[in-house]
Amino acid sequence: MEVEKIDRRGMKNLLDRFPQQCQEAVRIGETIEIPSLSEPRNIVILGMGGSAIGGEILRDLFYSHLPCPIQVLRDYKLPPWVDKSTFLVAISYSGNTEETLYSLREGIRRKCSILSLSSGGELAKLSVQEGIPHISIPEGMPPRTALGYLLLPLVVILTKLQLVEKPEFEETIKVLENLKEHYTLSSPSSPPCLLAEEIRGKIPLIWGVEGVTGGVAHRWKTQFNENSKILAFWDIFPELNHNEVVPWGGEGEVNLKNFFVVLLRSPAEHPRIRRRIELTREMIEEKCGGIKEIWPQGKTPLSWLLSLVYMGDWTSFYLALLQGVDPTQIKPIEWLKKELSKF
Ligand code: PA5
């Protein structure tokens, strides 16, 4: 596979650097001073696309530990319960995403405690104007390749605010470095390369678990959309056992062989979820176009989540190359943003 000819904008290099990015991101978080906060009633993450997904992963990471809910909002407006007892975190890689800026301005009016994160743009300017603590991250990357920068400084901040315990960052970075050595090889000995071959020509259904791997499942879906330029769908256990299993009875007219199911597994699954996954697998195995279970690496929840993310990022990258499409370009998103800016 001639990687450089198709990956003209160098996504492979960014994937290779992901473990290093995570290390730098932790350092960035450690250098940020933020005013102490009386215990927030809720934490709201504002963001869109590649800048929002870190919020979902953050929520899963601390699902069983945080004393208050984390909600990711991807919209122009805020619900009425967002008020001065809310810790509002506005994230936009470019700093110019209109939905995030609109809802942030509303958050300022409602006197929320606010933190912002971007590589520059309007968000950085507004933060200076309003005296909002701002996390500045390196610029010039596609937002979806900056997940370490978009997520890990927040993890550090939550530990500084004593809302959660510090995760094992060093272990996670070691796990990612080790995976990089295997994943960077564009040959069938590389698990993501092999998985991309299996998925090629099919529609991936990515199934995670509520409060465990739901955010990662969503991440896989969006990476298949943006990097590989294919339709992909995600869902979570146990909810999918109450609806998405029904078509697998085979009564509809859709060819189920067109779908490839990816099961994102985790040592953190509830025993009854584990049983649900086994039974669901039994039900669909012969009918779908392929099925693969992906187990995480490492010993701690952060390495479990980021190792699963990393596998998905590389798989979607290799799938782009197999189809001869540039993984970096996202022309339809750029066109929409350009047209909207005229309005
Ligand atoms: O992957 C992408 O480029 C998009 O999903 C962007 O992240 C999204 O459009 C929001 O832009 P930004 O991340 O700059 O706020």
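Located above this text is the structure these notes cover.
Because the structure is a prediction, the values reported are computed rather than measured.

Participant: Would you explain the site of the ligand in this entry?
Facilitator: Close contacts around the ligand come from 13 residues, with S51, S92, S94, T97 and E226 the closest. A distance of 2.6 Å is found between an oxygen atom of the ligand and a side-chain nitrogen or oxygen belonging to S92. Here the residues of the shell around the ligand are counted per class, giving 4 nonpolar, 6 polar and 3 charged.

Participant: For this particular structure, what's the right way to read the pattern of salt bridges?
Facilitator: When the charged atoms of two side chains with opposite charge come close together, those side chains can pair. Summed over all chains, the structure comprises 20 salt bridges. For the salt bridge of D326 with R9, the shortest nitrogen-to-oxygen distance reads 2.2 Å. Of this pair, D326 sits in the loop between α12 (301-323) and α13 (331-341) while R9 sits in the loop between α1 (3-6) and α2 (11-16), placing them 317 residues apart in sequence. A relative accessible area of 6% places D326 in the buried class. Given the relative accessible area of 44%, R9 is considered partly exposed. Put simply, K292 and E198 hold a salt bridge, and the shortest N to O gap is 4.0 Å. With K292 in strand β9 (residues 291-294) and E198 in helix α9 (residues 191-199), this residue pair connects regions lying 94 residues apart in the sequence. Look at K292 and you get partly exposed, because its relative accessible area is 30%. The network of salt bridges with common partners includes R265, E269, R274, R281, E285 and E293.

Participant: What's the story with helix α7 (residues 147-160) in this structure? I'm lost.
Facilitator: Residues three or four positions apart in an α-helix share a direction because the helix packs 3.6 residues into each turn. An ideal rise of 1.5 Å per residue puts 20 Å on 14 residues; α7 measures up with 20 Å between its terminal C-alpha atoms. Judged by how many residues are buried, α7 sits mostly within the fold: 13 of 14 residues are covered. The first or second residue beyond α7 is Q162, which carries a positive phi of 60°.

Participant: How do you make sense of the nonpolar core when you look at a structure like this?
Facilitator: The nonpolar side chains of soluble globular proteins are, as a tendency, buried together. Core analysis: the biggest nonpolar cluster contains 81 residues, and L152 and W220 have the highest contact counts within it. Setting aside residues up to four positions removed in sequence, L152 forms contacts with C22, A25, V26, L147, F169, L302 and L306. Formed by 17 residues, the second largest nonpolar core is a distinct cluster that contains V209, L256, L263 and I277.

Participant: Looking at this structure, how should I read unusual backbone geometry?
Facilitator: Residue P238 follows F237 across a cis peptide bond; omega there is 0°. Structurally, P238 is set in the loop between β7 (233-237) and β8 (259-264). Even without a glycine there, the phi angle at K111 is positive, about 60°. Inspection of the secondary structure assignment puts K111 in the loop between α5 (98-109) and β4 (113-118). Classification of K111 by relative accessible area gives exposed; the value is 63%. A positive phi angle is found at Q162, which is not glycine, with a value near 60°. Along the chain, the position of Q162 falls in the loop between α7 and α8 (169-183).

Rules of the game
Residues numbered from 1 in each chain as written. Predicted model: local features only at pLDDT ≥ 70, side-chain atom pairs only at ≥ 80, totals over all residues. Heavy atoms only, no water. Near = heavy atom within 4 Å. Polar contact = N/O pair within 3.5 Å; in protein donor to acceptor, adjacent residues only side chain to side chain. Nonpolar A, V, L, I, M, F, W, Y, C, P; charged D, E, K, R; others polar. Salt bridge = Lys/Arg side-chain N within 4 Å of Asp/Glu carboxyl O. Helix = DSSP H or I, 4+ residues; strand = E, 2+ residues; numbered from the N terminus. Buried < 20%, exposed > 50% of the residue type's maximum accessible area, 1.4 Å probe, protein only. Expected span 1.5 Å × (residues − 1). Core = buried A, V, L, I, M, F, W, Y, C linked by side-chain atoms within 4.5 Å. Contact = heavy atoms within 4.5 Å.

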